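# Chain and residue survey
Read off the chains here:
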Amino acid sequence: MRSFLVLSGVLSLVPTAVLGHGWVHRHILDAKTYIGYLPESKPIFTDSAPSIVRRVGSDGPVLEIASNHITCNYNATPISDSGVSRTGSVTAGSNITFYWQGWPHSGPIITYMSRCTPDCSTFFGNESASWFKIDEFGYQAPPGGSVALWGTQQLDTQKYYWNVTVPKCLEDGEYLVRHEIIALSDCKSKGKCQFYPSCAQVKVIGGGGVEPSGSGLVKIPGVYTDANVYWDTNTMDPKGYVIPGPDVWKCPT
Ligand SMILES: *[C@@H]1O[C@H](CO)[C@@H](O)[C@H](O)[C@H]1NC(C)=O
Ligand SMILES: *[C@@H]1O[C@H](CO)[C@@H](O)[C@H](O)[C@H]1NC(C)=O
Ligand SMILES: *[C@@H]1O[C@H](CO)[C@@H](O)[C@H](O)[C@H]1NC(C)=O
């Protein structure tokens, strides 16, 4: 009975997956699974967030590079239960695993974090320069590989999951984790570059007390511009692709 219900949930997904582009349907942190938005069993774009993952507007892209939608996707709002922010606990130095439901386009995969101030129940993420990059994969050889490919091709090879390590030295507290694919096919046309961001609310535990600061912190919106995301898939050599945004923030050594 139970397995039948799970299976029918997966089957009901198929039309959406074929028509649309993609979204993160599951996050795993500290061995716990959090369903994404759109929830795979219930793909309704107006429902409240089912977990620690903020709403996304649809399985389609965000195009407005300078708008509040670029922060955490359309309709993303802080998640709280009776005023208390809903977070998933994650141990500093461990991995967050993002499962996409599938992925049809080429481009980089990028992940940022931002401290939630004062906490994730009220913080949108667009307030100030608060985001630091924790992971990026553009066009490069994967670990242990020699042939360069796009992050999204590696995602495909990995059957749509992506591991990102939470910096081990980070100060404990509430953060947003913003995981994103940029689909490059239309980035040659201003206002057509496709961003697929989504944000999860996490509580870092077991960290080392370090608070990122300075030029490693960027504002979203703000970090992307028409110029730094410009890419013409027809004429440009992927080997020259520069991932937009700041360098990946590293723990002090
Ligand atoms: C991804 O991270 C999870 C959790 O730490 C781990 O179990 C898994 O082996 C990792 N996968 C790869 C390919 O490193
Ligand atoms: C952040 O985004 C929200 C939602 O779009 C908006 O209501 C708010 O005014 C924005 N805040 C700033 C500082 O831009
Ligand atoms: C975390 O993910 C990375 C990349 O897949 C992997 O190399 C590492 O072994 C993983 N760490 C753990 C603790 O699973």
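This structure is a prediction, so every number in the text was calculated from the model and none was measured.

It is worth spelling out the overall build of the protein chain at this point. Counting its regular elements, the protein chain contains four helices and 13 strands. Since a compact globule built from 253 residues should have a radius of gyration of about 18 Å, the 17 Å found for the protein chain is in line with a globular shape. Seen along its three principal axes, the alpha-carbon backbone of the protein chain occupies a region of about 50 × 45 × 40 Å. Put simply, 73% of the contacts in the protein chain that link residues at least 6 apart link residues at least 24 apart. Working note: accessible area of the protein chain is about 11,500 Å², and carbon and sulfur atoms make up 55% of it.

This structure, assessed with the given rule, holds one cavity of 30 Å³ or more. Approximately 60 Å³ is the volume found for the largest cavity. Lining the largest cavity are Gly22, Trp23, Val24, Val56, Ser58, Asp59, Gly60, Asn73, Trp100, Tyr196, Pro197 and Ser198. At three residues, strand β13 (residues 194-205) tops the list of elements feeding residues into the lining of the largest cavity. Tallied by class, residues from the lining of the largest cavity come to six nonpolar, five polar and one charged.

Consecutive side chains along a regular strand alternate between the two faces of the sheet. Among the seven residues of strand β7 (residues 109-115), six are classified as buried, and the element is accordingly described as predominantly covered. Of the strand pairs in this sheet, β7 and strand β8 (residues 131-137) are connected by six bridges, and their pairing is antiparallel. Looking across to β8, one finds that Met113 is bridged to Phe132. Alignment of β7 against strand β12 (residues 173-183), held across seven bridges, turns out to be antiparallel. Along β12, the bridge assignment pairs Ile110 with Glu180.

So, about the layout of surface pockets. Considering only enclosed or pocket space, the largest pocket measures out at about 200 Å³ in volume. Along the walls of the largest pocket sit Asp135, Glu136, Phe137, Gln140, Pro143, Gln154, Gln158, Tyr161, Trp162 and Asn163, which together make up its complete lining. Looking at the lining of the largest pocket, the elements with two or more residues in it are β8 and β11 (161-165). For the lining of the largest pocket, the per-class residue count stands at four nonpolar, four polar and two charged.

Enumeration over the complete set of coordinates arrives at eleven aromatic pairs. Ring plane angle 65° and centroid distance 5.1 Å describe the contact between Tyr139 and Trp150, whose orientation is recorded as edge-to-face. A residue pair is termed long-range when its members are at least 10 positions apart, and Tyr139 in strand β9 (residues 139-140) and Trp150 in strand β10 (residues 149-150) qualify at eleven residues. With a relative accessible area of 9%, Trp150 lands in the buried category. Geometry around Tyr99 places Arg26 over its ring, the cationic atom sitting 4.3 Å from the centre.

To continue, consider the environment of Thr233. Within the secondary structure layout, Thr233 lies in the segment after β13. Residue classification places Thr233 among the partly exposed positions, given a relative accessible area of 39%. Residues Thr233 and Ser185, spaced 48 residues apart in sequence, show a C-alpha to C-alpha distance of 6.1 Å. Setting aside residues no more than four positions away along its own chain, Thr233 makes contact with Leu184 and Ser185.

By the secondary structure assignment, Ser121 is in the loop between β7 and β8. Residue classification places Ser121 among the buried positions, given a relative accessible area of 15%. Engagement of the side chain of Ser121 in a polar contact is seen with the side chain of Asp119, the distance being 2.6 Å. If we skip the residues at most four places from it in the chain, Ser121 touches Pro78, Ile79, Ser80, Gly83, Val84 and Ser85.

Parameters at a glance
- Residues numbered from 1 in each chain as written.
- Chains lettered and ligands numbered in written order.
- Predicted model: local features only at pLDDT ≥ 70, side-chain atom pairs only at ≥ 80, totals over all residues.
- Heavy atoms only, no water.
- Helix = DSSP H or I, 4+ residues; strand = E, 2+ residues; numbered from the N terminus.
- Rg over C-alpha atoms; globule rule 2.2 N^0.38 Å.
- Contact = heavy atoms within 4.5 Å.
- Areas by Shrake-Rupley, 256 points an atom, 1.4 Å probe, with all protein chains shown as cover.
- 1 Å grid on protein atoms, 1.4 Å probe; cavity = no way out; pocket = protein on both sides within 12 Å on 5 of 7 lines; lining within 4 Å.
- Points joined across faces, edges and corners; volume = space filled by probe spheres on them.
- Nonpolar A, V, L, I, M, F, W, Y, C, P; charged D, E, K, R; others polar.
- Buried < 20%, exposed > 50% of the residue type's maximum accessible area, 1.4 Å probe, protein only.
- Pairing = 2+ DSSP bridges.
- Phe/Tyr/Trp six-rings, centres within 6.5 Å; stacked < 30°, edge-to-face > 60°.
- Lys NZ or Arg CZ within 6 Å of the ring centre and 35° of its normal.
- Polar contact = N/O pair within 3.5 Å; in protein donor to acceptor, adjacent residues only side chain to side chain.

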